[in-house]
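Listed here are the chains, written in short residue letters.
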Amino acid sequence: MGGAGLSEEPVQQDREAVGSGGGGGGSWEMMAAAAAPTHHQYRHLDHGKKQRQQQQQQRQKKGAWRKERSAAAELSNNSNNQVHVEDDDGENDQEDIDQDEEEEMNGGGGGGMSYGGMMMMMSSERQREHPFIVTEPGEVARGKKNGLDYLFHLYELCRDYLLQVQNLAKERGEKCPTKVTNQVFRYAKTAGATYINKPKMRHYVHCYALHCLDEETSNALRRAFKERGENVGAWRQACYKPLVAIAARQGWDIDAIFNAHPRLSIWYVPTKLRQLCHAEHSVAATASHVSSVSAAAASITNHHHHLSSF
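We now turn to the structure provided with this report. Each residue is numbered by its place in its chain's sequence as written, counting from 1. Side-chain atom pairs in this predicted model are given and counted only at pLDDT of 80 or more, local residue features only at pLDDT of at least 70, and totals for whole chains, interfaces and linings cover all residues. As a rule here, side-chain values come from all non-hydrogen atoms in the structure, and water together with hydrogens is ignored.

### Regarding the overall build of the protein chain
Condition: For helices the rule is a DSSP run of H or I covering at least 4 residues; for strands it is a run of E covering at least 2, with both sets numbered from the N terminus onward. Throughout, exposure labels follow a simple rule: accessible area from a 1.4 Å probe, protein chains only, divided by the maximum for the residue type, with under 20% read as buried, over 50% as exposed, and the rest as partly exposed. Pairs of residues are marked as contacts when any of their non-hydrogen atoms sit within 4.5 Å. Shrake-Rupley sampling with a 1.4 Å probe provides the accessible areas, and residues are treated as covered by the protein chains on show and by no other component.
Counting secondary structure elements, the protein chain contains 14 helices and zero strands. Starting at the N terminus and ending at the C terminus, the protein chain contains elements arranged as α-α-α-α-α-α-α-α-α-α-α-α-α-α. For the protein chain, the proportion of its 310 residues judged to be buried stands at 30%. Summarising the internal contacts of the protein chain: among those between residues at least 6 apart in sequence, 63% fall at separations of at least 24. Total accessible area computed for the protein chain in this model is approximately 19,900 Å², and 53% of it derives from carbon and sulfur atoms.

This is how it looks when you write it as structure tokens:
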């Protein structure tokens, strides 16, 4: 009998048995033998059953893990002394987010995936979008690329989906989310917006913040990086510095700056942006202290010189 797959040989035996009109029991035995799965087919069925069981166990473990993280996040929300930074698995997982951007820029994931795993991802996971490139304001990306105007448009769509989730929650008497959380991303996915995903939106949220807070500076930065042929990763990193400067002019409270803006109040402040503001604030405070001490010392020295002249 053949090697892989379902062989056509049992079907041929069945036809020969029926066509011969042979003596009773022999024909039925041949038909039964042809209908019974072969040893190879049994192994194939067992392997498929085991694979389904393993997949079900993995889904159960993942669901339990998510429930634990959600419970921890709920406890964190109930604490009055703790500033809420992210939802249950937000931007603190920076390595996963960086890997997501790298895969988008390279046009897809790496190798080593089995056929079964690939089929599962095709059926259940989101499809990869075309990678982003630096574009000027109003410029449409060519080829299989996406521009920055499109990226900022996705944040506006997320706001629309948040409003829809809030309306549904109000109708059901449930708690309304005030920010774009996992619940909103899941709702967007079920609504067909598979191109909206949490890693990407969290990864570029500070770029969108600069676009909202200082569109003129944001546009100038885009033009400069487009002219130099810089990639989207370099542009993303460059968006931090103007935001830190904005925070410096407004008392270093980056959370208050986000919350005061109607389009940014629904987004969590990125951890890295908060850390950069804190670091620059510390440097500025130290420099101010040193300057004050130096000025005081100079004043005392001048006073002594003035007294010694008499």
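### Here we look at the side chain of Arg202
Stated formally: Two N or O atoms form a polar contact when they lie within 3.5 Å of each other; inside protein one atom must be a possible hydrogen donor and the other a possible acceptor, and for residues adjacent in sequence the pair counts only when both atoms belong to side chains.
Relative to the elements of secondary structure, Arg202 occurs in helix α8 (residues 198-203). We classify Arg202 as buried; its relative accessible area is 2%. Here the side chain of Arg202 touches Val180 through a polar contact of 3.1 Å, landing on its backbone oxygen.

### Some thoughts on the packing of aromatic side chains
Rules: The pairing test for Phe, Tyr and Trp rings, Trp by its six-membered ring, is centres within 6.5 Å, and the orientation test on the planes gives stacked under 30 degrees, edge-to-face over 60, and tilted for anything in between. The rule is short: NZ of Lys or CZ of Arg within 6 Å of the ring centre and within 35 degrees of the ring normal puts a charge over the ring.
The full count for this structure, using the stated rule, is seven aromatic pairs. Where Phe152 meets Tyr208, the ring centres are 6.2 Å apart and the plane angle is 50 degrees; that geometry is what we call tilted. Remark: Tyr208 occurs in helix α9 (residues 205-213) and Phe152 occurs in helix α6 (residues 148-172); sequence separation between them is 56 residues. The cationic tip of Lys179 hangs over the ring face of Tyr268; the distance from NZ or CZ to the ring centre is 5.6 Å. Its end group placed over the ring of Phe225, Arg228 keeps NZ or CZ at 4.5 Å from the ring centre.

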